[in-house]
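# Inside the fold
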Amino acid sequence: MNLGYLQGQTKRQTMLTIVADHKIPFLEGALEPFARVKYLPGKDITNKHLEQADALITRTRTRCDEKLLKGTPVRFIASATIGYDHIDTQYCEAHDIRWTNAPGCNSGSVAQYISSALAIISVKHTKPLHELNLGIIGAGNVGSKVVRLADLLGMRLLVSDPPRQQNEGPEGFSDLDTLLKESDIITLHVPLEQTRSNNTFHLANAGFFRKMKKGAWFINTSRGEVTHTQALLEALKSKHLAGAVLDVWENEPQINLELLQHCAIATPHIAGYSADGKANGTAMSVQAISNFFGLGIDLWWPENIPTPPFANTNFNCLGKKRQDIFRELSLLTYNILQDSQLLKSSPQTFEQQREEYPLRREPAAYTLKLFECKEQNRKFIEDLGFNILH
């Protein structure tokens, strides 16, 4: 019998106490049959709140370090986010506190964001998407989904991922200089790391932008600190770049207002904020808590995800090229310009826009009834993730 199970049985005899960020969606009710759950604003959780806590379910707003955890009975931290910069992993490991995050939970959401961005860029660019080169820097959970999307669109791909290339060999990967020189659109999907083997801090710096093709587009949905703010601003002001799409910023929420106005599309760190992505993160946290404490709900999934408007929609393919179909359907599920217009008009409410983000569902939540649609276009729509009414 494993240690986690024994720990779980002991905890269940005395009823668990769990402290959770009150903004984690779909969580309420999941663990109440097994624990006393206290819901608090993530940024306000203190050491005192954890004096009786066995576990903590958090987001990035809670810094899980010695100040928060010292002297508490906390044995497990579940973060419902892909990142874990807010967790002092060395402290946790030194004090026998297990922790987990939710890698890949919102990868579909970020891919949807990129899809909407490409739909907008396709209107502004003189060439159709299938004649453009897409450079993808970082081919992990998110980048791999963007690779698949670009394949569907017929774009030429250049992929740079040094850690993967080192493990898998050079086939299928491009060196960074070639990618920068040849790509019409570049999108970043890298973690923020400052190690000898992989330093991504200010990866997109002045030299990076100088090497990019004149008239190219730049997209960053990874981490704000991966991009050097002033270098990007200069590349846009000088017209070396045709445009930028930014979802992440240095010094959030105090973002650079000049850069904000120079971006074609600017959003408040919400690329991964689809309801589906949030549900994935919550489910992974609940399942991890269940597994550690032996609660028996290792397959839990939220049942109360709202249905989007126009979830059942008629769609006519007559006379439409593949790019037209892609553009219309991408913007049906998510029109990125609405988020951009709100941030540009009210940058001071950056955090509020994140906290009060409206419902967004991914393509799998939509069912389409197709008219005048050839078989290859029907297959294309299915490959984009939509359900088709037969």
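Thresholds applied
- Residues numbered from 1 in each chain as written.
- Predicted model: local features only at pLDDT ≥ 70, side-chain atom pairs only at ≥ 80, totals over all residues.
- Heavy atoms only, no water.
- Helix = DSSP H or I, 4+ residues; strand = E, 2+ residues; numbered from the N terminus.
- Rg over C-alpha atoms; globule rule 2.2 N^0.38 Å.
- Buried < 20%, exposed > 50% of the residue type's maximum accessible area, 1.4 Å probe, protein only.
- Contact = heavy atoms within 4.5 Å.
- Lys, Arg positive; Asp, Glu negative; His and termini not counted.
- Charge placed at Lys NZ, Arg CZ, Asp CG, Glu CD.
- pLDDT = per-residue confidence, 0-100.
- Pairing = 2+ DSSP bridges.
- Axes fitted to C-alpha atoms, helices over the stretch in contact; angles between N-to-C directions.
- 1 Å grid on protein atoms, 1.4 Å probe; cavity = no way out; pocket = protein on both sides within 12 Å on 5 of 7 lines; lining within 4 Å.
- Points joined across faces, edges and corners; volume = space filled by probe spheres on them.
- Nonpolar A, V, L, I, M, F, W, Y, C, P; charged D, E, K, R; others polar.
- Expected span 1.5 Å × (residues − 1).

## Quick word on the overall build of the protein
- Within the protein, the regular secondary structure consists of 15 helices and 14 strands.
- Relative to the 2.2 N^0.38 estimate, which gives 21 Å for 390 residues, the radius of gyration of the protein is 22 Å and therefore close to what a compact globule would have.
- The principal-axis extent of the C-alpha atoms belonging to the protein is close to 65 × 50 × 45 Å.
- Buried positions account for 53% of the 390 residues belonging to the protein.
- Long-range pairs, those at least 24 residues apart, make up 61% of the contacts in the protein between residues at least 6 apart in sequence.
- Treating the 42 positive side-chain charges of the protein as one cloud and the 42 negative ones as another, the clouds have centres 3 Å apart.

## Comments concerning the confidence of the model for the protein
- Counting all residues, the mean pLDDT for the protein is 95, and 97% of those residues have values of 70 or more.
- Scored below 50 in pLDDT, residues 1–6 shows two contacts in the model against residues more than four places distant or in partner chains.
- Here residues 8–13 is modelled with pLDDT under 50, and outside its nearest four sequence neighbours on either side it reaches 13 contacts, counting other chains as well.

## What about the sheet that holds strand β4 (residues 76–79)?
- Judged by pairing direction, the sheet is parallel, and its five strands sit side by side in the order β2-β1-β3-β4-β5 without closing on themselves. Because the sheet does not close on itself, it has two edges, and the strands there are β2 (35–40) and β5 (98–100). Pairs of neighbouring strands in the sheet enclose a mean axial angle of 15°, with direction left out of account.
- Sheet analysis places strand β3 (residues 55–58) next to β4, joined by four bridges and oriented parallel.

## Quick look at the layout of surface pockets
- Approximately 390 Å³ is the volume found for the second largest pocket.
- Lining the second largest pocket are 19 residues, and of these Gly108, Ala111, Gln112, Pro363 and Leu384 sit closest to its centre.
- The set of elements that each furnish at least two residues to the lining of the second largest pocket consists of α4 (107–124), α5 (141–153) and α12 (322–333).
- Of the residues assigned to the lining of the second largest pocket, the class counts are nine nonpolar, six polar and four charged.

## A few points about helix α11 (residues 275–293)
- Between its terminal C-alpha atoms α11 stretches 27 Å, which fits the 27 Å expected from 19 residues at 1.5 Å a residue.
- Just beyond α11, the residue with positive phi is Gly294, at close to 65°.

## Some details on helix α9 (residues 229–237)
- Buried within α9 we find Thr229, Ala231, Leu232, Leu233, Ala235 and Leu236.
- If you follow the buried residues of α9, they end up packed against α8 (206–211), β9 (216–220), β10 (241–246) and α10 (257–262).

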